[in-house]
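For reference, the chains in residue letters:
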Amino acid sequence: MSSPREPIFELIVVSEDAQGNPHIAPFGIRRRNHQVLIAPYRPSTSLDNLLQQGRATLNMTDDVRVFAGALIGHECWTLKRDNQAWVLDSALSYQTLKLQQVEDDELRPTLYFDVLESKTLSAFAGYNRAQNAVIELAVLVSRLHLLPIAQIKQEMQYLHNAISKTAGEREWQAWQWLAEKIAQYPESR
Ligand SMILES: Cc1cc2nc3c(=O)[nH]c(=O)nc-3n(C[C@H](O)[C@H](O)[C@H](O)COP(=O)(O)O)c2cc1C
């Protein structure tokens, strides 16, 4: 159960398949008692990997193209190995995780991880409204099959204010990829 005072942070989770190939996906994670909680909806490749391998790397990045690119299958990042970690070229920091406990659920299990290692690579540059707008649109794109398309387009119109006022090149690009995905969605034709 989540407490109302427990914030959710949107990060990139890198898991590994049985062959050691990395898989990246955005997840909203929670932190509780020095542990990291990840709750993937079934079915999920990340969930399969996390349960099978019992480890992951959390990447904190302000390059929102990674969130959009991971969702639409556009590989716009470079990952490098640093000991046990998979690190994005744009990572500000990362943490390696080891699975400790699983709270099983048919729809959405919760996985509890211990943090093995934390590294900071760059400083936080400050809040950017366009980055937030891209994250919000990415969440909507991940729910295209669940939400009415009219609602998504209405929210998109509001979010676009922050894009037009505060986006840089990376945010424009990510926004465009997500907007194309929405335009191509069958129910929006
Ligand atoms: C910002 C953001 C946060 C997300 N958080 C979650 C989450 O907490 N749980 C989840 O199941 N999916 C979440 N998603 C959707 C997954 O990233 C997406 O479904 C992804 O494809 C995971 O599936 P996979 O593990 O099969 O790749 C989120 C998407 C975005 C853009």
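What counts and how
- Residues numbered from 1 in each chain as written.
- Predicted model: local features only at pLDDT ≥ 70, side-chain atom pairs only at ≥ 80, totals over all residues.
- Heavy atoms only, no water.
- Domains from an automatic or database assignment.
- Contact = heavy atoms within 4.5 Å.
- Buried area = accessible area lost by both parts, 1.4 Å probe.
- Salt bridge = Lys/Arg side-chain N within 4 Å of Asp/Glu carboxyl O.
- Axes fitted to C-alpha atoms, helices over the stretch in contact; angles between N-to-C directions.
- Helix = DSSP H or I, 4+ residues; strand = E, 2+ residues; numbered from the N terminus.
- Parallel < 35°, antiparallel > 145°, perpendicular 65-115°, else oblique.
- Left-handed = near helix turned anticlockwise from the far one by under 90°.
- Nonpolar A, V, L, I, M, F, W, Y, C, P; charged D, E, K, R; others polar.
- Near = heavy atom within 4 Å.
- Polar contact = N/O pair within 3.5 Å; in protein donor to acceptor, adjacent residues only side chain to side chain.
- Areas by Shrake-Rupley, 256 points an atom, 1.4 Å probe, with all protein chains shown as cover.
- Pairing = 2+ DSSP bridges.
- Buried < 20%, exposed > 50% of the residue type's maximum accessible area, 1.4 Å probe, protein only.

*Asks:* Tell me about the domain arrangement of the chain, residues and numbers included.
*Replies:* By the assigned domains, the chain splits into domain 1 (9-120) and domain 2 (129-188). Computed over C-alpha atoms only, the centres of domain 1 and domain 2 are separated by 23 Å. Across the contact, 12 residues belong to domain 1 and 13 residues belong to domain 2. Approximately 1100 Å² of surface area, both sides summed, lies buried where domain 1 meets domain 2, with 79% of it carried by carbon and sulfur atoms. Across the domain 1-domain 2 interface, the total number found is one salt bridge. A salt bridge links Arg 170 to Asp 62; the shortest N-O distance between them is 3.4 Å.

*Asks:* Account for the packing of helix α4 (residues 149-166) against helix α5 (residues 169-184), naming residues and giving values.
*Replies:* Between α4 and α5, the least distance of the axes is 12 Å, while the angle of their chain directions is 165 degrees. Between α4 and α5, the angle falls in the class roughly antiparallel. Of the two possible hands of crossing, α4 and α5 adopt the one that is left-handed. Residue-level inspection shows Ile 149, Ile 152, Lys 153, Met 156, Leu 159, His 160, Ile 163 and Ser 164 of α4 in contact with α5, the latter providing Trp 172, Trp 175, Ala 179 and Ile 182. In terms of residue class, the contact of α4 with α5 is built from nine nonpolar, two polar and one charged.

*Asks:* Which residues make up the site of the ligand, and what values do they have?
*Replies:* Taken together, 18 residues are adjacent to the ligand, and His 23, Pro 26, Tyr 41, Ser 44 and Ser 46 come closest. Interatomic distance of 2.7 Å between a side-chain N/O atom of His 23 and an oxygen atom of the ligand. For the ligand, an oxygen atom lies 2.7 Å from a polar atom in the backbone of Tyr 41. Starting from 630 Å² of accessible surface for the ligand in isolation, the protein chains cover 80%. Elements represented by at least two residues in the shell around the ligand include exactly β2 (22-32), α1 (45-53) and α3 (129-142). Top element by residues in the shell around the ligand is β2. It accounts for five residues. Residue composition of the shell around the ligand, by class: 10 nonpolar, six polar and two charged. Lining the shell around the ligand are residues from two domains, each supplying at least three of them: domain 1 (9-120) and domain 2 (129-188).

*Asks:* Explain the pairing of strand β8 (residues 110-120) to me, and be specific about the residues and the numbers.
*Replies:* Taken together, the four bridges between strand β3 (residues 35-38) and β8 define a ladder with antiparallel strand orientation. Looking at β8, one finds that Val 36 is bridged to Phe 113. In this structure, strand β7 (residues 91-103) lies alongside β8, joined through 10 bridges in antiparallel fashion. The residue bridging Leu 97 from the neighbouring strand is Val 115, located in β8. Between the end of β7 and the start of β8, which pair antiparallel, lie six residues.

*Asks:* Lay out the pattern of salt bridges with the relevant residues and their values.
*Replies:* Side-chain pairs of opposite charge can arise whenever the charged atoms involved come near each other. For the coordinates displayed, the defined rule picks out eight salt bridges. One salt bridge connects Glu 6 with Arg 30, and the closest N-O pair in it is separated by 3.5 Å. Here the residue Glu 6 occupies a position in the segment before β1 (9-16), and Arg 30 occupies one in strand β2, the gap between them amounting to 24 residues. For the pair shown, Glu 6 and Arg 30 are each scored as buried. Taken together, the shared-partner salt bridges connect Glu 6, Arg 30 and Arg 32 into one network.

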